[in-house]
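Summary of structural features
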Amino acid sequence: MDFTLPESAQAVRRGIADICSRYGMDYWERCESEKRWPEEVWAELAKGGWLGLAVPEEYGGAGQGLLELAVATETLAASGAAGGSAFVYVLTPGFGATTLARHGSAEQKAELLPKLASGEIETCFALTEPDAGSNSLAVSTFARQDGSDFVINGQKIWITGVQRATWMLLVTRTIPAAEAKPRTNGMTVFLVNVPEAVAAGTLSYRPIPKMGANTTPSNMVFIDDLRVPATSIVGELHGGVSVLWDVLNPERVLLGASALGGAEVALRVGVEYARQREVFGRPIGANQAVAFPLAQVKAKIELARLMLYKAAWSFDNELPCGTEANIAKLTASQAAWEAADAAFQTHGGMAYSLEYPVARLLADARIGRIAPVTEELLLNYLATQVLGLPRSF
């Protein structure tokens, strides 16, 4: 077994690190406090072709895969962006380019992939609903066929990036959940032109105030008699669940990569403070009570990275990757939280001071344990689907 990253991924790491070297922790602190998108970083990523990693070469991209996207996300997060960096690669390269490269029609690919590669257009993904929560198969947003069009009504929640998106990948029911046999049948994914729908009054949104990750707003989305052509279907009518899995598994991997990079930032911040802060005549890092939690975090980061890369590699090679993606997301998010908590404890009372980045890192790390799926559901998947334990519902 060869655990060496391919040169393509190493080149991505070098390229992203070079851009990030010009944007330190202060930059990301400002983006968070000002609640603004990292426009400068986004522009450099677009100019360098780093947004088109997963776009096939014939559409102007680099023809790489999820592994390279994961390395890009991890490197960006580790530079100081932490969890807020996830959306740079999840929303457009992940939700948009990766999904359309696999499931888009020839016309959709030709029209959208070149613009996604260049950063000219952006995408978002709308799945979660207030009543369905994490039960994705129970969504009730319904698309009714009307001639060659579909008319969609429903509501979504925690939809990130609507404000910037040109296109939304919208998950609907075209067969009600109660009538679908099996339950996975009757889901359909549509491409929705967000500016056009907003202008027509058939799609609206309201930002949700958040405790962190404020570089990109998350929203309530309201859909009222939204009319879209049948040509906007991604994949097959009623067969959207196959598209959905190829969205959710990469999402887990990329958010896991962001958590992993965030863990590296928090560990670095904690270690630097432990080296510099002196109490009782010596650096506090000389005390095992301070040093050992940081060392434990390092071990967990490295273990999570192995599974993360395996999950991405499996997806790229069209192998089953659900178990690996879930484990990677679970362990990376736990490592991020433990790293942020250890950094917080290492700083003591100074962790409460906003002069230090620890509060932001802690808020970012906490998100990963509940979004886009809770730890409990990840563990339930492992318990029932991997270990074969009886289902509780």
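Residues numbered from 1 in each chain as written. Predicted model: local features only at pLDDT ≥ 70, side-chain atom pairs only at ≥ 80, totals over all residues. Heavy atoms only, no water.

**Let's talk about the environment of Gly270**
The test is simple: Helix and strand definitions here come from DSSP, where helices need a minimum of 4 consecutive H or I residues and strands a minimum of 2 consecutive E residues; each element is numbered from the N-terminal end. Throughout, exposure labels follow a simple rule: accessible area from a 1.4 Å probe, protein chains only, divided by the maximum for the residue type, with under 20% read as buried, over 50% as exposed, and the rest as partly exposed. In what follows, a contact means two residues having at least one pair of non-hydrogen atoms within 4.5 Å.
Note that Gly270 resides in helix α8 (residues 240–276). Look at Gly270 and you get buried, because its relative accessible area is 0%. On a C-alpha basis, the gap between Gly270 and Ala178 in space is 51 Å, while along the polypeptide they are 92 residues apart. Other than its neighbours up to four places away in sequence, Gly270 contacts Leu294, Ala343, Thr346 and His347.

**A short note on helix α11 (residues 358–367)**
Among the ten residues that make up α11, seven are buried, leaving the element largely enclosed by the rest of the structure. All of the buried residues in α11 are Val358, Arg360, Leu361, Leu362, Ala363, Asp364 and Ala365. Those residues of α11 that are buried are in contact with α2 (25–34), α4 (66–81), α8 and α10 (322–347).

**Remarks on the packing of aromatic side chains**
Rule in force here: Two aromatic rings from Phe, Tyr or Trp, using only the six-membered ring of Trp, form a pair when their centres are within 6.5 Å; if the ring planes differ by under 30 degrees the pair is stacked, by over 60 it is edge-to-face, and anything between is tilted. Placement of a charge over a ring requires the Lys NZ or Arg CZ to be within 6 Å of the ring centre, with the centre-to-atom vector within 35 degrees of the ring normal.
Per the counting criterion, the structure on display carries seven aromatic pairs. Site record: aromatic cluster; members linked through ring pairs are Tyr23, Tyr27 and Trp28. One cation-aromatic arrangement involves Arg102 over Phe315; the distance from NZ or CZ to the ring centre is 3.8 Å. Over the ring of Trp337 we find Arg366, and its NZ or CZ is 5.4 Å from the ring centre.

**Focus on the UniProt feature "domain: Acyl-CoA dehydrogenase/oxidase N-terminal" (unreviewed entry) in the protein chain**
Rules: UniProt positions are given in the numbering used here, feature names are shortened, and annotations may be inferred rather than shown by experiment.
In the numbering used here, UniProt assigns the "domain: Acyl-CoA dehydrogenase/oxidase N-terminal" (unreviewed entry) feature to residues 7–120. What you have in residues 7–120 is 70% helix and 0% strand, and the ends, taken at the C-alpha atoms, are 28 Å apart.

**Overview of the pattern of salt bridges**
Pairs can form between side chains of opposite charge once their charged atoms are near each other. Our working definition: A side-chain nitrogen of Lys or Arg and a carboxyl oxygen of Asp or Glu constitute a salt bridge if their distance falls within 4 Å.
Applying the stated rule across the entire model yields 19 salt bridges. Between Arg102 and Asp246 there is a salt bridge whose closest N-O contact spans 3.7 Å. Highlighted residues: Arg102 in helix α5 (residues 86–103) and Asp246 in helix α8, separated in sequence by 144 residues. You can call Arg102 partly exposed: its relative accessible area is 31%. Arg164 is the salt-bridge partner of Glu122, the closest N and O atoms lying 2.7 Å from each other. With Glu122 in the loop between α6 (106–118) and β1 (123–126) and Arg164 in the loop between β3 (149–160) and β4 (167–173), the pair connects residues that are 42 residues apart, well separated along the chain. By relative accessible area, which is 27% here, Arg164 ends up partly exposed. Ionic contacts of the salt-bridge type, sharing partners, join the residues Arg13, Glu74, Glu264, Lys298, Glu302 and Arg305 into one network.

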